[in-house]
Structures are given as structure tokens and as C-alpha cells.
Amino acid sequence: MSENIYTNPILSGFYPDPSICRVEDDYYLVTSTFAYWPGVPIFHSKDLVHWKQIGNILDRKEQLPLQNIETSRGIFAPTLRYHDGTFYMITTNVSSSLGNFIVTATNPAGPWSDPYPLGSAGIDPSLFFDDDGKCYYCGTQERREGARYYGDNEIYIQELDLQTMKLTGESYPAWHGALRGVEWAEGPHIYKKDGWYYLLISEAGTGHHHAVSIARSKSLTEPFEGYKGNPILTHRHLGYYYPIVNVGHPDIVETQNGEWWMVCLASRICGGYYRNLGRETFLVPFTWEDGWPVVNPGKGILEETFTAPKLPADAECPVPAKEDFDDSKIPLHFLYLRNPQQENYSTTDKSGYLQMKLSPDLLSSTGAPSYLCRRQQSFHFLAETSVTFEASADNEQAGLAIYQSQSYNYQLLVGTRESKTLLCVLKTYDDKTEVIAEKLLDASFSTLHLRMTQNEQDLAFLYSTDSKTFDTLAEHVDARMLSTDVAGGFVGNTIGLYATSNGKPSETCAYFDYFTYEDL
């Protein structure tokens, strides 16, 4: 492919609700993380196409309390902004008294400050710095005159005192969205161009009818007027089987060369209208005509490929397919569920291995299971590990898992029965867990190689005693239940290493030699 062509999504897999800002010729981007820890990954790029993760903004428990919550709760959409030498990230923890809060840093890679709670209503908060240095908060809440139905929102604006990190003064209703009877006017961002204040939002929820609309005003304290050409971007009119769906939740940036670009979320479908990867981050160009944006002129939709921005090409920085756990630190792209018990994980106790202590908490619960994972990024992948594990009781198990939520997941586990090695595949569907395949090996094996593959919507689970020949434990296992269309919620799938004592105390550890995830 030509060097001046890029492919969407620019961040594949579970990277929803993107927000972007530019500092001179550097670009930074964040996404939401819900019940995963650490929270809000931050990326850097020079060309808007190739992104390298440089940190996780919320990496301390005091920043990110996530106890006993469902997978699609926790951290909702963040906004990233830069002003006068300081980076600001504002977001909502919908499962904590923190609510809407801000953290700051002078180095985007961190460390970031403790949270400044704002006590404001609603979700999807954003910040805007005006020409006079004043900062304004822009958020969502039910209409102040009374909501007529669930999702009858207003976008409101209020000044933020940067000295006290408190909202001050009057709150002004700015807009209710473009369509009559619109639901879920949300995800607001304010920009200033040519003397106008522009308010960019999403409407109609984050599913199939998601849409991007825009309004403008000469003042932040007066109602905004919607564009007659709204919505400026949506795929809802393209039907359920268009390859890219759910388009919305944008943020925009002007390059140092005067080009305008929009990042937004969207989903890819596979095997029918099934969205296993969740909401991913896409990039699309736009221009201005008569004071309003025109997205992808002549077509008006997201496409798989576009001509790249006129910026110096940045180096590709792919995440390694194989992690050997040779470093004392877990790489930035790995995730845990909720607030992990950090003492359950070590890469130093046994050199070259991830030591994972079994947790009583189940993957199919709202606890803090011993689970280290990364995002599923395609519909064709191979995941593999080598686990050294000697169960001391039949309730102890360790292995691989693919996880959509506590209510929908698959697990390929090693355990013991009758002093022999037991392999099983567990399926959790609608909170009910069942064994769909199992095999008792003829002997006890302390080390096994476990493999999981997906081909479109078919999963297979395999094992090997010698790392050379793999036998199939289960195949043609339906992956459709791992989509948001079946499971609901806001997240995509993760794949990772799991160790459990199934509700009972345990001092046993499993040792993982490597973890491979490879898109095929």
C-alpha cells in the first residue's frame, strides 16, 4: 500500500470515546476504559496515524476506585486538553463518589495528579480554554426544565476556576441536540474558530443510530444554533450490514499545516451484525464550508482507507505479539479487571515468568480476579501461553480466557482430578457457567501449552504437552455471544491469563512463561 494511504481503525480493538489534542507538532490521544485498570491510556503521534502508548493516566487506586462493579461501569468518556504548560484530563467515574473529576500533568506520560472532584451533574465532561485564558466546563445533564423522557439531555456550560479546580458562576444551557425528540445528546466538545464557538456532540446513543451533530454561537452564555445540515456524520442510514457501524463520539484537531481531522469511535461487524471488538478509534478528514464542517467531502462517511495527513510520517510502533515477562514491569498495553491485588502478580519471583497467585474471585463475578489481559484486535487471531501449574485441590485452575464481561466469557483451564491433569472449556452465558468440553489426561503434567484461535465467529481451544503438537479440546465454538449485540454493554473483548481458586482461599501460584497474541 502506498505510503500516503492509511487504514482505519487507527486504534483497533476496545479503544472507545477518543479525545485528541495537539501541542505544537505533537499529538496526544486518550480513550475510555470502564472497569479495567489502569485507566485511560494515553498515546503519542507525529502523523495522526501511527500511535504509541506512552502511559496510563489513572494508575493509582486513589485515582481509580473500581470495586465490585460491572464491566461496563467505571470510567466513561475522557477529554484531553493542553493549556499553558499543563495537560488536563477530565472524565467520569460513574461507579464512585468521584463522579466528574480532573487530573493534571506537565508530562503527558505521567505522573498525573490526584483527582479534583467537581461535584457536577451528568457524564462526558469536556474543557474549553478561551482566548482570555478562562476555562469552561461543558457537560451533560437532564433538561433543567424537566426531562420529557429517558435520555432527554441538555448540554450545559459553566466556568471552571483553575486555581481552586471548582465550578463557579452560573450554569448555562447551550443546546439540546439537532433532532426533534433526540435521545442522549452527549459527548460535547467546544472549539473556537473565526469568532464562532462551535459545539460538537453525539446523539441517539452509542449504538446503531449514533450520529454527530454541531451547533455554534457568538457567546458561551447564549443558546447555540444547530447546523441545518445535521447530522454531519452518521452510518445509521447505511443499514445493519455496512462494515462500519455505530459511528460517533468525535473530537477534532487542526494540524500545524492547517488541515482538519476528526477522531471518532465506530465498530466493525463480523458474521452478521456482531461487534465483538467493541468500539474502536477511527480517523477521518474534514473541511469547512460556509462556516460549517463537511466530513469526508463527497462521501460523508467513514471509510477503511484515506489519504494520510500531510505530516512527516511517524515510525510504526507495533505492540510485540509475544510477551516473555523478562522485564520487571508489565507492559503498558496490558490490563487488569477492577482494582487488582498487585501482590498476586510478579515477574521477578521466578525469572522469565509471570507468577500469578490464584484468587478466590471468579472471572464471572464483579470481584478482582487474577486476570492479566490485552485487547482483542481482529476477528482472526491466535492466543497462546505456557503454564506451569500444580493444583493442590480440585478447585484450583489456571489458563487462558476470552472475556466480554462477567456475564459472557470463555475459559480454557488446567486443573486436577484423581491426581491427573484435567483440561476444560467453560462457557459463561447470561451469568450461567457450564462445562462445554473437558478431558482428563492419562498422566499429570506440570507444564502445558494452551492455545485459543478465532476465525470470524468460530473459536477453537487447543492444548499441547510438548509445545509442538496441539490437540483440539473444542472447536466451532460460537463467538457471537462475545459481542455487544448479545452481551450488551460498552466494552470490547479482552484475552488473557487467568488463575482462580473458585471462591476458596489458596496460596497456590501459576507460572506463565509467555503470552502470545497474534492477529492472523
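Since we're looking at a predicted model, the values are computed, not measured.

## Description of the pattern of salt bridges
Phase 1: Applying the stated criterion across every chain, the model contains 22 salt bridges.
Phase 2: The residue Lys 192 makes a salt bridge to Asp 131 at a minimum N-O spacing of 3.1 Å. Taken together, the positions of Lys 192 in strand β15 (residues 186-193) and Asp 131 in the loop between β11 (126-129) and β12 (135-142) put the pair 61 residues apart, joining distant regions of the chain.
Phase 3: The class of Lys 192 is partly exposed, set by a relative accessible area of 32%.
Phase 4: Judged by its relative accessible area of 67%, Asp 131 falls in the exposed class.
Phase 5: Arg 143 is paired through a salt bridge with Asp 152; the nearest N and O atoms lie 2.8 Å apart. With respect to burial, Arg 143 and Asp 152 carry one shared label: buried.
Phase 6: Overlapping salt bridges, with partners in common, bring together Asp 59, Arg 60, Glu 62 and Asp 114 in one network.

## Things to note about the environment of Ser 386
Phase 1: By the element assignment, Ser 386 lies in strand β30 (residues 380-388).
Phase 2: Taking the C-alpha atoms as reference points, Ser 386 and Phe 515, 129 residues apart in sequence, are found 7.5 Å from one another.
Phase 3: Filtering out sequence-adjacent residues up to four positions away, Ser 386 remains in contact with Thr 447, Leu 448, His 449, Tyr 511, Phe 512, Asp 513 and Tyr 514.

## Considerations on the sheet that holds strand β29 (residues 370-375)
Phase 1: Spatially, the eight strands line up as an open sheet ordered β4-β26-β29-β38-β31-β32-β33-β34, and their pairing is antiparallel. Two strands in the sheet have a free side with no partner beyond their single neighbour: β4 (36-37) and β34 (432-440).
Phase 2: Relative to strand β26 (residues 335-337), β4 runs antiparallel, the two being bridged by two bridges. Residue Tyr 36 lies in a different strand from β26, and its bridge partner there is Leu 337.

About the cut-offs
Residues numbered from 1 in each chain as written. Predicted model: local features only at pLDDT ≥ 70, side-chain atom pairs only at ≥ 80, totals over all residues. Heavy atoms only, no water. Salt bridge = Lys/Arg side-chain N within 4 Å of Asp/Glu carboxyl O. Helix = DSSP H or I, 4+ residues; strand = E, 2+ residues; numbered from the N terminus. Buried < 20%, exposed > 50% of the residue type's maximum accessible area, 1.4 Å probe, protein only. Contact = heavy atoms within 4.5 Å. Pairing = 2+ DSSP bridges.

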